Amino acid sequence: MAAVNQDFKTNVDNACRAGEEFSKVFYETFDKRRHVLNKLYLDTANLVWNGNVVKGPQEITKFHDNLPHSEHKLFTLDCQPLPDEATQGQATVLVTTSGTVKFEGNNTMKFTQNFTLTNQGNVWKVASDCFRCQEE
């Protein structure tokens, strides 16, 4: 039983490390180099932005490109590995973030964002991205 608990703890630690590294890269890229953001998404990725569905990296890129310049600040980050039984053995991490975002010409807003990341050749890629502004 102790080995199982240690394996799970190792998986959680690895997921947290991956999620932290990914989040840093994602928000820095979103705010400063949005034109290369699509490289962080799988070819089959989808984005749900405030309830609006966008499918595929090209459409996601077009969507992001139409947003005003932004500045994100993260306040919380939580990561957990998804069980092998749910992902057919594919290393997959759920990343949940929250913070504030300021889009040029708009007030600062609170947001939450959830990513499902999958490991592709030792690189974490977005399989699913769900963003929601938190209305006051």
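Going by the structure above, here's the rest.
Residues numbered from 1 in each chain as written. Predicted model: local features only at pLDDT ≥ 70, side-chain atom pairs only at ≥ 80, totals over all residues. Heavy atoms only, no water.

Of all the positions in helix H2 (residues 57-65), only Pro57, Ile60, Thr61 and His64 are classed as buried. Relative to the axis of H2, the buried residues are bounded by an arc of 100 degrees and lie together on one face. (Buried < 20%, exposed > 50% of the residue type's maximum accessible area, 1.4 Å probe, protein only. Helix = DSSP H or I, 4+ residues; strand = E, 2+ residues; numbered from the N terminus. Arc of directions from axis to C-beta.)

Attention now goes to the side chain of Thr97. With respect to the secondary-structure elements, Thr97 resides in strand E4 (residues 92-103). Setting aside its immediate chain neighbours within four residues, Thr97 contacts Ser23, Tyr27, Leu74, Thr76, Leu77, Phe111, Thr112, Gln113 and Phe115. (Contact = heavy atoms within 4.5 Å.)

The topology assignment puts Thr29 in helix H1 (residues 2-32). Look past the residues within four positions of Thr29 in its chain and what remains in contact with it is Arg34, Val36 and Leu37.

To continue, consider unusual backbone geometry. The backbone of Asn50 shows a phi angle near 50 degrees, a positive value even though the residue is not glycine. The topology assignment puts Asn50 in the loop between strand E1 (41-49) and strand E2 (52-55). Here Asn50 falls in the partly exposed class, since its relative accessible area comes to 25%. The phi angle at Asn122 is positive, at roughly 65 degrees, despite the residue not being glycine. A residue is classified by how much of its surface remains accessible, and Asn122, at 74% relative accessible area, is exposed.

Looking now at the nonpolar core. Counting residues in each nonpolar core, the largest one holds 26 residues, and the members touching the most others are Phe22, Phe26, Phe30, Tyr41, Trp49 and Phe115. Ignoring sequence-local partners within four residues, the contact set of Phe30 consists of Leu37, Trp49, His64, Leu67, Ser70, His72 and Phe103. (Core = buried A, V, L, I, M, F, W, Y, C linked by side-chain atoms within 4.5 Å.)

Here E1 pairs with strand E6 (residues 123-134) via 5 bridges, running parallel. Looking at the pairing, Asn46 lines up with Ser128 of E6. Taking the residues between adjacent antiparallel strands as the criterion, strand E5 (residues 108-120) and E6 are bridged by 2 residues, where Gly121 takes a positive phi near 60 degrees. (Pairing = 2+ DSSP bridges.)

Taken as a whole and judged by the stated rule, the model has 13 aromatic pairs. Pairing Phe30 with Trp49 gives two aromatic rings, centres 6.4 Å apart and planes at 5 degrees, and the pair type is stacked. One end of the pair, Phe30, is in helix H1; the other, Trp49, is in strand E1, and 19 residues separate them in sequence. Centre to centre, the rings of Phe111 and Phe131 are 5.4 Å apart; their planes meet at 15 degrees, and the pair counts as stacked. Here Phe111, found in strand E5, pairs with Phe131, found in strand E6; they are 20 residues apart in sequence, far enough to count as distant. Taking relative accessible area as the criterion, Phe111 reaches 1% and is therefore assigned buried. A relative accessible area of 1% means that Phe131 is categorised as buried. Chaining the aromatic ring pairs together yields one cluster made of Phe22, Phe26, Tyr27, Phe30, Tyr41, Trp49, Phe63, Phe103, Phe111, Phe115 and Phe131. (Phe/Tyr/Trp six-rings, centres within 6.5 Å; stacked < 30°, edge-to-face > 60°.)

Right, let's get into the environment of Phe8. Here Phe8 lies in helix H1. Overall, the relative accessible area of 54% leaves Phe8 in the exposed class. With 119 residues separating them in the primary sequence, Phe8 and Ala127 have C-alpha atoms 23 Å apart.

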